[in-house]
Number of protein chains: 2
Amino acid sequence: MLPPSTRRSLPMALLRAREVIMAHFRPMLARHDITEQQWRVLRVLAEAGPLEATELANRASILPPSLTRIIKAMEERQFISRNKVKDDGRRALLAISPAGLALIEDLAPERIAIYDAIEQRYGAEQHEHLLDLLESLIQSESSENQT
Amino acid sequence: MLPPSTRRSLPMALLRAREVIMAHFRPMLARHDITEQQWRVLRVLAEAGPLEATELANRASILPPSLTRIIKAMEERQFISRNKVKDDGRRALLAISPAGLALIEDLAPERIAIYDAIEQRYGAEQHEHLLDLLESLIQSESSENQT
DNA sequence: CTTTTGTAATTAACATGTGAATTACATCTT
DNA sequence: AAGATGTAATTCACATGTTAATTACAAAAG
């Protein structure tokens, strides 16, 4: 229960870990002129199908104001489309477009290769274990658990 | 070696984990009108003593352009001071001021309580193990390891 | 001594993070 | 139906992330 030093604190360790991982993916994304967040939006929509903005924001871990801007930019680049929901003028369904799907499929091999290389260097077992521990942390600390 | 779904990918898990942790600290920082990054700068300087900008940026995981802005703001609020290094007009030593130290000391009890509560919910052993795995990941993937 | 090369810090330009306020609709109340 | 309340999305204002370009200075090369 000592005061956590900056050298062994969860927030700093999580930040640094994310940095070293993303460093491997950034060149790929930059070559296709797409940001990390735009990439997350595309992948979530590709996996889950059309979603409303709120749900998409949650799944991609992007805040609503950011998502508004991202959607606007990606609509202009024709990577996603929006269709208003009947009976509720506020909501709209956001869907990935064929061009967006094509981009994801183009990048899939490289993305998998990068991820596999990380897993090899780090070790498959450690990797699985780390994912488990992170999921567990997210569970134990998510605000929905407050009774 | 399957394509990592967004539900079990390291980048997403690290991002979400950091979010749920920081959610506990944000109210405290907001009450003192200080940002997460400014807080990191203060703590690093308090722990390590005066540092040059480059070293401070590395230790606080802040990019140079951001640090330039942060230093400017914190100098105006008198939380840090800068002293030019003799013999090299480019460098300057950045140091935490008495007011900065006072802020850190004021917040220390609450900060420790928050951290301890997280550790209790999550489990001390899991917590240690997670830190170990993260350190190991950072080691195995940091760019200095490229031969 | 001048030029070249290297390094630290800053600036520029644009995207995102963040909290607060606002807008546009829906729904509930009376 | 009119007003009160709730919800989804956006807008605003400002801080930071990110890359590229630039400035300021130092050190090496000629």
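Criteria and cut-off values
Residues numbered from 1 in each chain as written. Chains lettered and ligands numbered in written order. Predicted model: local features only at pLDDT ≥ 70, side-chain atom pairs only at ≥ 80, totals over all residues. Near = placed C-beta within 6 Å. Helix = DSSP H or I, 4+ residues; strand = E, 2+ residues; numbered from the N terminus. Nonpolar A, V, L, I, M, F, W, Y, C, P; charged D, E, K, R; others polar. Contact = placed C-beta atoms within 7 Å. Axes fitted to C-alpha atoms, helices over the stretch in contact; angles between N-to-C directions. Parallel < 35°, antiparallel > 145°, perpendicular 65-115°, else oblique. UniProt positions renumbered as here; feature names shortened; annotations may be inferred. Pairing = 2+ DSSP bridges. Least-squares fit on C-alpha atoms with pLDDT ≥ 70 in both.

## Remarks on the protein's contact with DNA strand C
Now for step 1: Near DNA strand C there are 25 residues, and of these Ser66(A), Gly89(A), Thr54(B), Pro64(B) and Pro65(B) occur at the shortest range.
Now for step 2: The set of elements that each furnish at least two residues to the surface near DNA strand C consists of α2 (36-48) and α4 (64-76) of chain A together with α1 (10-31), α3 (53-60) and α4 (64-76) of chain B.
Now for step 3: By residue number, the principal contributor to the surface near DNA strand C is α4(A), which donates 5 residues.
Now for step 4: Its residues placed into classes, the surface near DNA strand C shows 11 nonpolar, 7 polar and 7 charged.

## With respect to the interface of chain B and chain A
Now for step 1: Facing 45 residues of chain B, the contacting portion of chain A comprises 45 residues.
Now for step 2: Elements with a contribution of two residues or more to the side of chain B that touches chain A: α1, α2 (36-48), α5 (98-122) and α6 (124-141) of chain B.
Now for step 3: The greatest single-element share of the side of chain B that touches chain A, amounting to 14 residues, is contributed by α1(B).
Now for step 4: Looking at the side of chain B that touches chain A, its residues break down into 26 nonpolar, 9 polar and 10 charged.

## What about the packing of α2(B) against α4(B)?
Residues and elements named next belong to chain B.
Now for step 1: Across the interface, α2 lies against α4 with an axial gap of 11 Å and an inter-helix angle of 80°. Relative to α4, α2 is oriented roughly perpendicular. When α2 is examined against α4, the residues Gln37, Gln38 and Val41 are found in contact with a partner set consisting of Ser66, Ile70 and Met74.

## What about the UniProt feature "domain: HTH marR-type" (unreviewed entry) in chain A?
Now for step 1: As annotated in UniProt, the feature "domain: HTH marR-type" (unreviewed entry) corresponds to residues 7-139 of chain A in the numbering used here.
Now for step 2: Secondary structure content for residues 7-139 of chain A is 73% helix and 9% strand, while the C-alpha to C-alpha distance between its ends is 25 Å.

## Overview of the sheet that holds strand β1 (residues 51-52) of chain B
Residue and element names in this part refer to chain B.
Now for step 1: Spatially, β1-β3-β2 is the arrangement adopted by the 3 strands of the open sheet, whose pairing is antiparallel. Because the sheet does not close on itself, it has two edges, and the strands there are β1 and β2 (80-84).
Now for step 2: By the bridge criterion, 5 bridges tie β2 to strand β3 (residues 92-96) in an arrangement that is antiparallel. Bridge pairing in β3 places isoleucine 80 opposite isoleucine 96.

## Overview of the sheet that holds strand β2 (residues 80-84) of chain A
Now for step 1: Strand order in the open sheet formed by 3 strands is β1-β3-β2 (chain A), with antiparallel pairing between adjacent strands. Of all the strands in the sheet, the pair left with one neighbour each is β1 (51-52) and β2 of chain A.

## A short note on the pairing of β3(B)
Now for step 1: Bridge count for β1(B) against β3(B) is 2 bridges, and the pairing is antiparallel. Paired with Leu51(B) across the strands is Leu94(B), a residue of β3(B).

## A short note on the relation of the copies chain B and chain A
Now for step 1: Mapping chain B onto chain A is achieved by rotating through 180° and translating by 0.0 Å along the same axis, at an RMSD of 0.0 Å. Taken together, these values place the two copies in the relation of a two-fold axis. In terms of C-alpha distance to the rotation axis, chain B has Leu14(B) as its closest residue, with the C-alpha 3.0 Å off the axis.
Now for step 2: When the interface residues of chain B are mapped onto chain A, 100% of them again fall at the interface, so both copies present the same face.

## Looking at the protein's contact with DNA strand D
Now for step 1: Not every one of the 24 residues close to DNA strand D is listed here, only the nearest: Thr54(A), Pro64(A), Pro65(A), Ser66(B) and Gly89(B).
Now for step 2: Contributions of two or more residues to the surface near DNA strand D are made by α3 (53-60) and α4 of chain A together with α2 and α4 of chain B.
Now for step 3: The element best represented in the surface near DNA strand D is α4(B), accounting for 5 residues.

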